Amino acid sequence: MKVDHETLHKIAHLARLDVRPEEEQPLIDSLNEVLTWMEQLNEIDTTGVEPLTHISAEINVLREDIVGHQLPREQALANAPDKTDQYFQVPKVIE
């Protein structure tokens, strides 16, 4: 498969990208290089190779969620730059 101007415009539309005319040819060349590389990968014999489901064999080791020593509210708020009676006060970020 080769990427042409029409295919590039379809991809750009689907990805909601604004591609300027001077950017078209370098993008087409780059996409064609990627497709050529993928075709080379398809030529490799992978018979007997297990599919990779994780990048490494390591397993997350998570600690038990056990309630422990809790900081009293007054002590937690003691050094807060801005606070109300019971809470940290932060700037509003959603309007």
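Per an unreviewed UniProt entry, the recorded name for the protein chain is Aspartyl/glutamyl-tRNA(Asn/Gln) amidotransferase subunit C, and the organism is Larkinella punicea. UniProt lists a comment for the protein chain under the heading Subunit (unreviewed entry), and it reads "Heterotrimer of A, B and C subunits." Turning to the protein chain, the UniProt record has this under Sequence similarities (unreviewed entry): "Belongs to the GatC family."

Trainee: Explain the overall build of the protein chain to me, using residue names and the numbers behind them.
Mentor: Secondary structure assignment for the protein chain yields 3 helices and 0 strands. Secondary structure elements of the protein chain, listed N to C terminal, follow the sequence α-α-α. Along the first, second and third principal axes, the C-alpha set of the protein chain runs to 65 × 45 × 20 Å. Looking at the protein chain as a whole, 11% of its 95 residues are labelled buried. Accessible area for the protein chain stands at about 9,600 Å²; split by element, carbon and sulfur atoms hold 56% of it. For the protein chain, the centre of its 8 positive side-chain charges and the centre of its 19 negative side-chain charges are spaced 11 Å apart.

Trainee: Explain the nonpolar core to me, using residue names and the numbers behind them.
Mentor: Counting residues in each nonpolar core, the largest one holds 5 residues, listed as Val3, Leu8, Ala12, Val19 and Ile28. With residues near it in sequence (within four places) discarded, Val19 still touches Leu8, Ala12, Glu24 and Leu27.

Trainee: Outline the pattern of salt bridges, listing residues and values.
Mentor: Here the structure, examined in full by the defined rule, presents 3 salt bridges. Glu22 is the partner of Arg20 in a salt bridge, and the nearest nitrogen-oxygen pair spans 2.9 Å. Taking relative accessible area as the criterion, Arg20 reaches 45% and is therefore assigned partly exposed. Close ionic contact of Glu23 with Arg20 constitutes a salt bridge, the shortest N to O distance being 3.0 Å. According to the relative accessible area criterion, Glu23 is partly exposed, its value standing at 27%.

Trainee: Quick rundown of the packing of helix 1 (residues 5-14) against helix 2 (residues 21-42)? Include the residues and the values.
Mentor: Running from amino to carboxyl end, helix 1 crosses helix 2 at an angle of 90 degrees, the nearest separation of the two axes being 10 Å. By the angle between their directions, the pair helix 1 and helix 2 is classed as roughly perpendicular. Contacts from His5, Leu8, His9 and Ile11 in helix 1 reach Glu24, Gln25, Leu27, Ile28 and Leu31 in helix 2. Classifying every residue of the contact of helix 1 with helix 2 gives 5 nonpolar, 3 polar and 1 charged.

Trainee: Could you give an account of helix 1, with specific residues and numbers?
Mentor: Those residues of helix 1 that fall on the buried side of the exposure criterion are Thr7, Leu8 and Ala12. Across the axial projection of helix 1, the buried residues extend over an arc of 135 degrees, all falling on one side. When the buried face of helix 1 is taken as reference, the exposed residues oriented beyond 90 degrees from it are Glu6, Lys10, His13 and Leu14. Packing partners of the buried residues in helix 1 comprise helix 2. One or two residues past the end of helix 1 sits Arg16, with phi positive at roughly 55 degrees.

Reading the values: the criteria
- Residues numbered from 1 in each chain as written.
- Predicted model: local features only at pLDDT ≥ 70, side-chain atom pairs only at ≥ 80, totals over all residues.
- Heavy atoms only, no water.
- UniProt positions renumbered as here; feature names shortened; annotations may be inferred.
- Helix = DSSP H or I, 4+ residues; strand = E, 2+ residues; numbered from the N terminus.
- Buried < 20%, exposed > 50% of the residue type's maximum accessible area, 1.4 Å probe, protein only.
- Areas by Shrake-Rupley, 256 points an atom, 1.4 Å probe, with all protein chains shown as cover.
- Lys, Arg positive; Asp, Glu negative; His and termini not counted.
- Charge placed at Lys NZ, Arg CZ, Asp CG, Glu CD.
- Core = buried A, V, L, I, M, F, W, Y, C linked by side-chain atoms within 4.5 Å.
- Contact = heavy atoms within 4.5 Å.
- Salt bridge = Lys/Arg side-chain N within 4 Å of Asp/Glu carboxyl O.
- Axes fitted to C-alpha atoms, helices over the stretch in contact; angles between N-to-C directions.
- Parallel < 35°, antiparallel > 145°, perpendicular 65-115°, else oblique.
- Nonpolar A, V, L, I, M, F, W, Y, C, P; charged D, E, K, R; others polar.
- Arc of directions from axis to C-beta.

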